[in-house]
Amino acid sequence: MPLIAKRLQAVRPSQTKAMTAAAAALKEKGIDVIALSQGEPDFDTPEAVQNAGIAAIRNGRTRYTPVAGVKPLLEAIRAKLKRDNNLDYDSDQITVGCGAKQVVFNGLFASLDRGDEVIIPTPCWVSYPDMVRLAGGEPVLVECHEHFGFKLKPEDLEAAITPRTKWLMLNSPNNPTGAVYSGAELAPLASVLRRHDQVHVLADDIYEKLVYGKRFATMAEAAPDLLDRTLTVNGVSKSSAMTGWRLGYGAGPKDLIKAMNTIQGQTSSHTSSISQYAAIEAIGGNQDYIGDFVSDFEKRRDLVVEKINEAEGLKCRTPDGAFYVFVNCAGVLGKITPQGKGIETDMDFALYLLEQFGVAVVPGSGFMASPYIRISYAASVEELQHACGRILAACEALSESEMSDEQSKTTA
C-alpha cells in the first residue's frame, strides 16, 4: 500500500518557493542574484512590536494559551475590525492561527465535503487551489482578464456557480496582480451571491494596509447582509513586517469559528504566545510606520512599472495594492536566447532571467495565469534599479526565431 495519500498527488510544488530556493542556491555558489520572488516586506518588524515580544518573554508569557488566542489579542482584533472595517464581531467569532494561511486552510477544512466547489478568480495565490483539494473540495478557476484589471466580473461569477458551490475566494489587494476591489466593484458581486445562499465568501484581506491612492473595502463591509456568510481573514505579516512571527486571524460565523478551533486544536494548537502578545501592539498600537511602508512601496512600484514598460516584449499595469507587479511577457515568447534556447513559456523566461542575468522572479503559471511573471518590489531601490537594468538587457539580448524572420519576410 502506498505511504503517501492519493490526494497529495494533485498538489503542485510552489513555484514561488522553488524560484526563491534556486536563487539562494546560486547565491551560495557566489553568483550575484537579485531575488524578487519573495512575498514578504523587506522592512524590519517595528521596534515597538519587537519590544512587545521581548516583554512577553521577560514577563513569562511563554506557556500554552487558548487555541483561539489570548483574550487581549481577540479584543484588539475586535476593535480593529470595528475601527477599520465597520464590522462587529463577538470574541467567540474570532480565531487566531499560525499565519493567515492556516486560517484559510482551517476554514476550508472545516466546511468542505468531498466534491464541494470553491470558486477562485485567477490569477490567484499559488496555495488556494491546492488547499481546496487537500480539504476534499474542487477548485473552480475563473479567469479574470488583464483588460478588466484582473478583477472578477459578476456575469463570470454567476456562470461559475453550481449547486455544489460552497465558497467564493476573494483576495484584495490581490497576490500576484495587486488588483484592489472598491466597494462599488464588490456590490454587483454581492448581488450575485444574494441569489445563491449556499455560497459563502472567504475574503483574504492580508494586504489590506498596502493600498495606493484608493480606499480599501472588504465584502462584509460592502454587503453587511452577507456578514454571516463571510469569513474575513487578515494578519500582521504584511502590514507590520512580521512574516516570521506567523500570526493571522479570521472572523466569521460562530459555528464556523468553533469548528476551525477544533481543527486547530488537533493540529498546531495555538500560535506562539510571544507572537500573540507582539500582535496586540501591532494591531492596537501606534501604526504610523504603515504610512512609511506604503510611501516607500509606492515609489518602488512606480520605478519598476516605468522600467519594465521600457523593456522590449514586456508590459505591465500599475497595481493599486500589495507589493507585486504582474508583467505580461507574451512579447518575448517565441524568441531565442543568446545560448540558442527558445523562450516558449513564462517559466522559460523566468529561468532565463535567473540563470543568465541573475534575477529571480516567479512565472505566472504558478498563479494560474500565463504568460506572465510576478516581480516583487519588496527590495531596496538600488536592488530594483539593478534588477530592472538586467531585465531590460535580457530582453534586448533575445533574437527573433528563424520562423519569425521568415514570416516577417513573407509579410513584407
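In this text the structure is predicted, and so the values were computed from the model without any measurement.

Engineer: Sorry, what's going on with the packing of helix H4 (residues 100–111) against helix H9 (residues 254–265) here?
Structural biologist: Working note: a packed helix pair is described by the angle between its axes plus the distance between those axes. For the pair H4 and H9, the least separation of the axes is 9 Å and the interaxial angle reads 105°. Of the possible angle classes, the one that applies to H4 and H9 is roughly perpendicular. On H9, the residues touching Gln 102, Val 103, Asn 106, Gly 107, Phe 109, Ala 110 and Ser 111 of H4 are Leu 256, Ala 259, Met 260, Ile 263 and Gln 264. Grouping the amino acids of the contact of H4 with H9 by side-chain chemistry returns seven nonpolar, five polar and no charged.

Engineer: Would you mind showing me how to read the sheet that holds strand S3 (residues 117–122) here?
Structural biologist: Strand pairing in a sheet relies on backbone hydrogen bonds. The paired strands run either parallel or antiparallel. With mixed pairing, the seven strands of this open sheet are ordered in space as S2-S8-S7-S6-S5-S3-S4. Only two strands of the sheet have a single neighbouring strand rather than two, namely strand S2 (94–97) and strand S4 (138–143). For this sheet, the mean angle separating the axes of adjacent strands, direction not counted, is 20°. Relative to strand S6 (residues 200–204), strand S5 (residues 165–171) runs parallel, the two sharing five bridges. Within S6, the position partnered with Trp 167 by the bridge is His 200. Packed onto the sheet, H9 meets S2, S5, strand S7 (230–235) and strand S8 (248–251) and runs at close to 25° relative to S2.

Engineer: Honestly, helix H10 (residues 273–284) in this entry has me stumped. Any pointers?
Structural biologist: For H10, spanning twelve residues, the distance from its first C-alpha to its last is 17 Å, which sits close to the expected 16 Å at 1.5 Å a residue. The complete set of buried residues in H10 reads Ser 273, Ser 275, Gln 276, Tyr 277, Ala 278, Ala 279, Ala 282 and Ile 283. Near the N-terminus of H10, the side chain that reaches the backbone nitrogen of Ile 274, with its oxygen 3.2 Å away, is that of Ser 272.

Engineer: Just to check I follow, could you spell out the packing of helix H3 (residues 71–85) against H10 for this structure?
Structural biologist: Running from amino to carboxyl end, H3 crosses H10 at an angle of 25°, the nearest separation of the two axes being 9 Å. Considering their axes alone, H3 and H10 lie roughly parallel with respect to each other. Crossing angle aside, the handedness with which H3 passes H10 is left-handed. Of the residues in H10, those in contact with Pro 72, Leu 73, Ala 76, Ile 77, Lys 80 and Arg 83 of H3 are Gln 276, Ala 279, Ile 280 and Ile 283.

Engineer: Would you take a moment to explain the nonpolar core for this structure?
Structural biologist: Taken as a class, soluble globular proteins show a tendency for nonpolar side chains to be buried jointly. By size, the foremost hydrophobic cluster in this structure holds 105 residues, and its most contacted members are Leu 108, Val 304, Leu 314, Phe 349 and Ile 375. The leading source of residues in this core is helix H11 (residues 288–308), at nine residues. The contact partners of Phe 349, leaving out residues within four places of it in the chain, are Leu 314, Cys 329, Val 332, Ile 343, Ile 373, Cys 395 and Leu 398. Within the second largest apolar cluster, 21 residues are counted, among which are Val 201, Met 219, Ala 223 and Leu 226.

Engineer: Just checking my understanding: could you explain the packing of aromatic side chains for this structure?
Structural biologist: In this structure the tally under the stated criterion is 16 aromatic pairs. Ring geometry for Tyr 352 versus Phe 357: centroids 5.4 Å apart, planes at 75°, classification edge-to-face. Since its relative accessible area comes to 21%, Phe 357 is described here as partly exposed.

Engineer: Would you mind going over the pattern of salt bridges with me for this structure?
Structural biologist: Where charged atoms from two side chains of opposite charge approach closely, those side chains can pair. Taken as a whole, this structure holds 22 salt bridges when the rule is applied. Here Asp 320 and Lys 214 are joined by a salt bridge, their closest N and O atoms 3.7 Å apart. Remark: Lys 214 occurs in the loop between S6 and helix H8 (219–222) and Asp 320 occurs in the loop between strand S9 (315–316) and strand S10 (324–328); sequence separation between them is 106 residues. For Lys 214, a relative accessible area of 32% gives the class partly exposed.

Engineer: I would appreciate a short explanation of unusual backbone geometry in the present structure.
Structural biologist: Trans peptide bonds make up most of the peptide bonds, and negative phi angles are found at most residues other than glycine. Looking along the chain, the bond that leaves Thr 122 and enters Pro 123 is cis, with omega of 5°. Along the chain, Ser 370 connects to Pro 371 via a cis peptide bond; the corresponding omega equals -5°. Note that Pro 371 resides in the loop between strand S12 (362–363) and strand S13 (372–376). Despite not being glycine, Asn 86 has its phi angle at roughly 60°, a positive value. The topology assignment puts Asn 86 in the loop between H3 and S2. Its relative accessible area of 52% is what places Asn 86 among the exposed residues. We note that Ala 241 has phi near 50°; this positive angle belongs to a residue other than glycine. Along the chain, Ala 241 turns up in the loop between S7 and S8.

The rules behind these values
- Residues numbered from 1 in each chain as written.
- Predicted model: local features only at pLDDT ≥ 70, side-chain atom pairs only at ≥ 80, totals over all residues.
- Heavy atoms only, no water.
- Axes fitted to C-alpha atoms, helices over the stretch in contact; angles between N-to-C directions.
- Helix = DSSP H or I, 4+ residues; strand = E, 2+ residues; numbered from the N terminus.
- Parallel < 35°, antiparallel > 145°, perpendicular 65-115°, else oblique.
- Contact = heavy atoms within 4.5 Å.
- Nonpolar A, V, L, I, M, F, W, Y, C, P; charged D, E, K, R; others polar.
- Pairing = 2+ DSSP bridges.
- Expected span 1.5 Å × (residues − 1).
- Buried < 20%, exposed > 50% of the residue type's maximum accessible area, 1.4 Å probe, protein only.
- Polar contact = N/O pair within 3.5 Å; in protein donor to acceptor, adjacent residues only side chain to side chain.
- Left-handed = near helix turned anticlockwise from the far one by under 90°.
- Core = buried A, V, L, I, M, F, W, Y, C linked by side-chain atoms within 4.5 Å.
- Phe/Tyr/Trp six-rings, centres within 6.5 Å; stacked < 30°, edge-to-face > 60°.
- Salt bridge = Lys/Arg side-chain N within 4 Å of Asp/Glu carboxyl O.

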